[in-house]
Amino acid sequence: MLTSFMIYAAVGAIAGILAGLLGIGGGLVIVPMLVFSFTLQNIPQELMMHLALGTSLASIIFTSISSFRAHHKRGAVRWDIFKRITPGILVGTFAGSCVASQLPTHILKGIFVAFLYYVATQMILGKKPPATRQIPGTTGIFGAGGIIGSFSSLVGIGGGTLSVPFLTWCNIPVHHAIGTSSAIGLPIALAGAFGYIVNGLNTPNLPELSVGYVYLPALLGIICFSVLTAPLGARLAHSLPVDKLKRIFAILLFVVATRMLLSVF
């Protein structure tokens, strides 16, 4: 158990540094690293992705609180948008987690691999959506929240990769978009983790110390060490060429995605 905890501590430490350094969502790093760790532990193949996604979302509960508090102190969270989009986020995320719980591992891996390729391509090209419109009305923002939430639960992320482009597309200044996205990560993580717990409770062959599809030793290690190392990553961001690092990280994502893709077959 000590060896396993050290692996998860390393996952959390690396995820925290990269999140602080590159401004990426923790799930983008945590999910593939958890899949690798679960492979070393001989956790059943059919449970790996479900446990990785559920544990990733549970860890984002804690990291999102730390993140949005920091942004709130700088006045960068649009709470009016947060209140309007949260109902759609909650419904979409919980529904997405229920769907994901019924999908086989190879399908979930395929969805995650496609997402990694998409994010890596965006990082290399550096494309940002043009700001062309305003925040939609009640129905529109509920639908947007549902889409962001459902997809986030399928890939185990806090939604920043989707919500920041959506908000900037709606003419929200980028620092407000990032701050508001950090707050949106909390309802995504809460609804997603709850969905993976509920849908995994009666699943056979789960490893000990699992609550549904949330693996507690991994969750504890990730939380403890990502909180410690994220500030280090943020400090490094001010002294290192972040744009160049993002492109290097994008290449790494291509490698990780390809390796996960090959493992499907």
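Details of the structure are given in the entry above.
Residues numbered from 1 in each chain as written. Predicted model: local features only at pLDDT ≥ 70, side-chain atom pairs only at ≥ 80, totals over all residues. Heavy atoms only, no water.

Colleague: Pulling in residues and values, what's your account of a nonpolar patch on the surface?
Modeller: A surface patch of nonpolar side chains, amounting to about 440 Å² of accessible area, comprises Ile124, Leu125, Ile251, Leu252 and Val255. When contributions to the nonpolar patch are tallied by element, the ones reaching two or more residues are helix H5 (105-125) and helix H10 (242-264). Residue contributions to the nonpolar patch peak at 3 residues, all from H10. (Patch = residues over 30% accessible without salt bridge, like charges linked within 9 Å, V, L, I, M, F, W, Y side chains within 5 Å. Areas by Shrake-Rupley, 256 points an atom, 1.4 Å probe, with all protein chains shown as cover. Salt bridge = Lys/Arg side-chain N within 4 Å of Asp/Glu carboxyl O. Helix = DSSP H or I, 4+ residues; strand = E, 2+ residues; numbered from the N terminus.)

Colleague: An account of the packing of helix H3 (residues 45-73) against H5 is requested, with residue identities and associated values reported.
Modeller: The angle between the axes and the distance between the axes are what describe a pair of packed helices. One way to put it is that H3 packs onto H5 with a least axis distance of 8 Å and a crossing angle of 45°. Comparing the axis directions of H3 and H5 gives the class oblique. For the crossing formed where H3 meets H5, the hand is left-handed. Across the interface between the two elements, Gln45, Glu46, Leu47, Met48, Met49, His50 and Leu53 of H3 pack against Thr105, Leu108, Lys109 and Phe112 of H5. Taken together, the residues that form the contact of H3 with H5 break down as 6 nonpolar, 3 polar and 2 charged. (Axes fitted to C-alpha atoms, helices over the stretch in contact; angles between N-to-C directions. Parallel < 35°, antiparallel > 145°, perpendicular 65-115°, else oblique. Left-handed = near helix turned anticlockwise from the far one by under 90°. Contact = heavy atoms within 4.5 Å. Nonpolar A, V, L, I, M, F, W, Y, C, P; charged D, E, K, R; others polar.)

Colleague: A description of the side chain of serine 163 should follow, citing residues and the corresponding values.
Modeller: Tracing the backbone through its elements, the reader meets serine 163 in helix H7 (residues 160-169). Accessibility expressed as a relative area gives 1% for serine 163, which makes it buried. Polar side-chain contacts of serine 163 include one of 2.7 Å to the side chain of serine 181. Apart from the residues within four sequence positions on either side, serine 163 is in contact with Ile148, Ser181 and Ile184. (Buried < 20%, exposed > 50% of the residue type's maximum accessible area, 1.4 Å probe, protein only. Polar contact = N/O pair within 3.5 Å; in protein donor to acceptor, adjacent residues only side chain to side chain.)

Colleague: How would you explain the packing of aromatic side chains if you had to name every residue and give the values?
Modeller: The final tally for this structure, using the stated rule, is 9 aromatic pairs. Ring centres 5.9 Å apart and planes at 80° place the aromatic pair tyrosine 8 and tyrosine 215 in the edge-to-face group. Taken together, the residues tyrosine 8 in helix H1 (residues 2-22) and tyrosine 215 in strand S2 (residues 214-215) connect sequence positions 207 residues apart. Looking at tyrosine 215, the relative accessible area reads 4%, which means it is buried. Aromatic pair phenylalanine 166 and tryptophan 169: ring centres 6.3 Å apart, planes at 45°, arrangement tilted. In this pair, phenylalanine 166 and tryptophan 169 are both assigned in helix H7, 3 residues apart and thus about one turn of the helix distant. Of the residues examined, phenylalanine 166 reaches a relative accessible area of 13% and is grouped as buried. Following the ring pairs from residue to residue traces out a cluster consisting of Tyr8, Phe38 and Tyr215. (Phe/Tyr/Trp six-rings, centres within 6.5 Å; stacked < 30°, edge-to-face > 60°.)

Colleague: Any details on the packing of H3 against helix H8 (residues 174-200)? Residues and values, ideally.
Modeller: The interhelical angle for the contact between H3 and H8, taken along N-to-C directions, is 145°, at an axis separation of 7 Å. Relative to H8, H3 is oriented so that their crossing is left-handed. In this structure, H3 uses His50, Leu53, Gly54, Leu57, Ala58, Ile60, Ile61, Ser64, Ile65, Ser67, Phe68 and His71 to contact H8, whose residues at the interface are Ile178, Gly179, Ser182, Ala183, Gly185, Leu186, Ile188, Ala189, Leu190, Gly192, Ala193 and Tyr196.

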